[in-house]
Each structure stands twice: as structure tokens, then as C-alpha cells.
Amino acid sequence: REGLADRSRMREPANTDSELGRQRFMNIEIWSIEGNRQSLDGGAMFGNVPRALWSRWIEPDEQNRIPLACRALLAKLEDGRQILFETGIGAFFEPKYRERYGVLESGHVLLESLEAAGTSHEAIDGVVLSHLHFDHAGGLLSPWSADSPAKLLFPKARFIVGRDAWERAVQPHPRDRASFIPELPKLLSESGRLEIVDGDSSSWLGQSVRFEFSQGHTPGLMLSEIGGDGGVAFCADLIPGTPWVHLPVTMGYDRFPERLIDEKRRFLTDKLERGVRLFFTHDPAVARARPLRDARGRFSVEDPRARVSALRLDS
């Protein structure tokens, strides 16, 4: 909608001078939860970065595609609630579309990964969605079947999404219409468990999860910070993986690349100053890392970890 993005511009780092901004939330544990993997065109994923450069970061296959994770984050809050941040691409595509979009596995890997972490989709209390592109929300749906339509999984979970991202999914622009699952908004609405967020927190989740919003990739991309100072930030498509930490690197899928670069600078500066770790959904090799900035102001990462298992955020 005209002017929709301007209502939720990415805020300056929230509450950094207040008691809340300095607060830390103890006894939160997180896990990285692997979902179905994808192979997408490297040129599209790296925008105006030449192949000679990006191919050093992630090696392409013979079709110029690079491997990508579709990784979720599981957090067990202080009160015991289990919150899943995104669900990956899932297995809802019929075979011809699974091949077109480079989805590597036919089974629903996210469900297997939840079980390996000692839980299940039936036990999840809440699912936080940065936006509703299919590679971030497709895991909400049951695997494809020729005999029945897709069904919504996570039977007791509250589904939390930002208002602008929701409205974009309900009325997509022709540029990214193919990135949405047409039946998903109706399924979420009819669940009776949808919460649309307007501000920097959810009354149901409480202050241990804070939100900020970005417009460079898609309207109202909702970025979750878990645990306050010293916690972890789910970077979603603002920073899909470690190569994109470098400020000039953006995706061809980003609607406003220059705006996204400015948002990344503010985001990374804030997380670095407050000791907040970064969690990556699409990096094929790194689930989380710490932001780093050199003497010339260039951002990178240190202490990369391929997996996270029962990490206490106060450690």
C-alpha cells in the first residue's frame, strides 16, 4: 500500500539509555534448528557483487547456485515457554516447485530437528515470523501431499508477525508476489491464534523479546532480539549470513538496497555496543557469531558457531 512502509521505519536502537535497554534476562536457553536446505542463484543472493568475489565466500555449483540454510531459532524462556523464531521453507511445495526453488529434501526437516532438540511442533508455545516469504514461513505447513491440501502445524502456538509484513502478505506487490504462500494468511487468521504486532514488543511474549523493524528487504521485516544486553538477535533477511555482514553486500531480492545498508549499520553498531550475538537463518555454515568492527569501521564476525544447543544467554 502506498506509504505503508513509512509507518514502521527502522528505529534507532531502542531503550539503550534506559533501564530496560541495560536489562539482561537470565535463564533463557537457545538452540539452532535446521530446516530444509535450498540452492539459489548466487548472483541473485549477492546483488551487485561480482561472481569473482562472492564465489570465494560460498562456492557455486555448475548452475551458479549456492547452498543456503533455512534455519530457525528455538528459545526456552524463563517461564518455560518454547518460542520458535521462523520455520524455514518446510516441505509444502509440490515436486515441480520444490525443484524450481532448489529445495533439497522432500521431508520436513524442521520437524526432525525439533525432535532432535527434545521437543516437537505440538509443544511449541509461540512462533515469531520476521515476515511471510515462503522460505521463512513455509515450515508452518504440513508436507505436500497429492491427496490433501496443506494444513497448519503447531496446533497450540500463538503466531506473531508485524503489521506491515502481514499486510504485505495479504496484498503482495507484483515484484514479490511469488515469494508468498497464497493460502497461508487465511490459515493463520482462522487459527484464532494470530497476534499482529505494531510496537517493539508483544504483550504475550513480554520484555525478554524485543522487536525492531527494517524496510530495506521487505516492508516491516521484524527483527527479534532475545534476552536483552548480551543476548542474541535473529537477523532474518537483513543479514542472511556472514558474507552479508559487510555493509555494501545486499541481495538482488532487496527492495531498497541503499536503505538496507543504512539499517544494517545501525543494527550492527547497536548489537556490537551491547554485546548481542547474531543468529543467521541462511548461512550454510554459521548459525551464530559475534559482530566485530575493525579500525576502519568495517564489520565482520568472530567466534562463528555452526550449531547452538541449549546455550544459556547469560553465559
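Residues numbered from 1 in each chain as written. Predicted model: local features only at pLDDT ≥ 70, side-chain atom pairs only at ≥ 80, totals over all residues. Heavy atoms only, no water.

A.B. asks: Is there a simple way to think about the confidence of the model for the protein in this case?
C.D. replies: The predicted structure's coordinates, where accompanied by low pLDDT, should not be read in detail. Per-residue pLDDT for the protein averages 92, and the proportion of residues at 70 or more is 92%. Every residue in residues 1-22 scores below 50 in pLDDT, and together they form 49 contacts with partners more than four places removed in sequence or on other chains. (pLDDT = per-residue confidence, 0-100. Contact = heavy atoms within 4.5 Å.)

A.B. asks: Please explain the sheet that holds strand β11 (residues 232-234) as it appears in this structure.
C.D. replies: Remark on secondary structure: sheet strands pair via backbone hydrogen bonds, oriented parallel or antiparallel. Pairing within the open sheet is mixed, and its six strands lie in the order β9-β10-β11-β12-β13-β14. If you trace the sheet from one side to the other, it starts and ends with β9 (209-214) and β14 (299-305), each paired once. On average, each strand axis in the sheet is inclined to that of its neighbour by 30°, with strand direction left out of account. Of the strand pairs in this sheet, strand β10 (residues 221-226) and β11 are connected by three bridges, and their pairing is antiparallel. Bridging across to β11, Ser224 finds its partner in Phe234. Across the sheet, helix α9 (residues 257-273) is in contact with β9, β10, β11, β12 (277-279), β13 (288-293) and β14; its angle to β13 comes to roughly 100°. (Pairing = 2+ DSSP bridges. Helix = DSSP H or I, 4+ residues; strand = E, 2+ residues; numbered from the N terminus. Axes fitted to C-alpha atoms, helices over the stretch in contact; angles between N-to-C directions.)

A.B. asks: Looking at this structure, how should I read the pairing of β9?
C.D. replies: Each regular strand carries side chains that alternate between the two faces of the sheet. Here β9 lies mainly inside the structure; six of its six residues are buried. Residues Val209, Phe211 and Phe213 of β9 are buried on one face, and the alternating residues Arg210, Glu212 and Ser214, pointing to the opposite face, are buried as well. Sheet topology note: the β9/β10 ladder contains six bridges and is antiparallel. Of the residues in β10, the one forming a bridge with Phe211 is Ser224. (Buried < 20%, exposed > 50% of the residue type's maximum accessible area, 1.4 Å probe, protein only.)

A.B. asks: Can you help me understand α9 in this one?
C.D. replies: Because each turn of an α-helix spans 3.6 residues, side chains separated by three or four positions end up pointing in the same direction. Its 17 residues place the ends of α9 24 Å apart at the C-alpha level, agreeing with the 24 Å of an ideal helix rising 1.5 Å per residue. Where α9 is concerned, the buried positions are Leu260, Ile261, Glu263, Lys264, Phe267, Leu268, Asp270 and Lys271. Contacts from the buried residues of α9 go to β9, β10, β11, β12, β13 and β14. Within two residues after α9, Gly275 carries a phi angle of roughly 70°, on the positive side. (Expected span 1.5 Å × (residues − 1).)

A.B. asks: Honestly, the sheet that holds strand β1 (residues 29-33) in this entry has me stumped. Any pointers?
C.D. replies: The mixed open sheet is built from seven strands, whose spatial order is β8-β7-β6-β5-β4-β1-β15. Two strands close off the open sheet at either side, each with one partner strand: β8 (194-197) and β15 (311-312). Pairing between strand β4 (residues 72-76) and strand β5 (residues 82-85): four bridges, direction antiparallel. Bridge pairing in β5 links Leu74 to Leu84. Strands in contact with helix α5 (residues 109-116) are β1, β4 and β5; relative to β1, the strand with the most contacts, it is inclined by about 145°.

A.B. asks: Just to check I follow, could you spell out the packing of aromatic side chains for this structure?
C.D. replies: The geometry of an aromatic ring pair is captured by the separation of the ring centres together with the interplanar angle, meaning the angle of the planes. Evaluated as defined, the whole model comprises nine aromatic pairs. Counting every residue linked through ring pairs, the aromatic cluster contains Phe92, Phe93, Tyr97, Tyr101 and Phe134. Directly above the aromatic system of Trp204 lies the positively charged group of Arg81, at a separation of 4.6 Å from the ring centroid. (Phe/Tyr/Trp six-rings, centres within 6.5 Å; stacked < 30°, edge-to-face > 60°. Lys NZ or Arg CZ within 6 Å of the ring centre and 35° of its normal.)

A.B. asks: When you look at the pattern of salt bridges in this model, what are you seeing that I'm missing?
C.D. replies: If charged atoms from side chains of opposite charge come close, those side chains can pair. All told, the structure shown has 22 salt bridges when counted by the stated rule. Of the charged contacts in the structure, one is a salt bridge between Arg305 and Asp303, with a shortest N-O distance of 2.9 Å. What makes Asp303 partly exposed here is its relative accessible area of 27%. Linked through salt bridges whose partners overlap, the residues forming this network are Glu212, Glu225, Asp229, Asp270, Lys271 and Arg274. (Salt bridge = Lys/Arg side-chain N within 4 Å of Asp/Glu carboxyl O.)

A.B. asks: In this structure, what is going on with α5? I would like to understand it.
C.D. replies: Residues Val109, Leu110, Leu111, Ser113 and Leu114 constitute the buried set of α5. Summarising the contacts, the buried residues of α5 are in contact with β1, β4 and β5. A positive phi of about 90° marks Gly118, the residue just after α5.

A.B. asks: In this structure, what is going on with unusual backbone geometry? I would like to understand it.
C.D. replies: Leaving glycine aside, a negative phi is the common case for residues, and trans is the common case for peptide bonds. At Asn64, a position not held by glycine, the phi torsion is positive, near 70°. Positionally, Asn64 belongs in the loop between α3 (51-57) and β3 (65-68). Phi is positive for Ala236, close to 50°, though the residue is something other than glycine. Positionally, Ala236 belongs in the loop between β11 and α9. Taking relative accessible area as the criterion, Ala236 reaches 0% and is therefore assigned buried.

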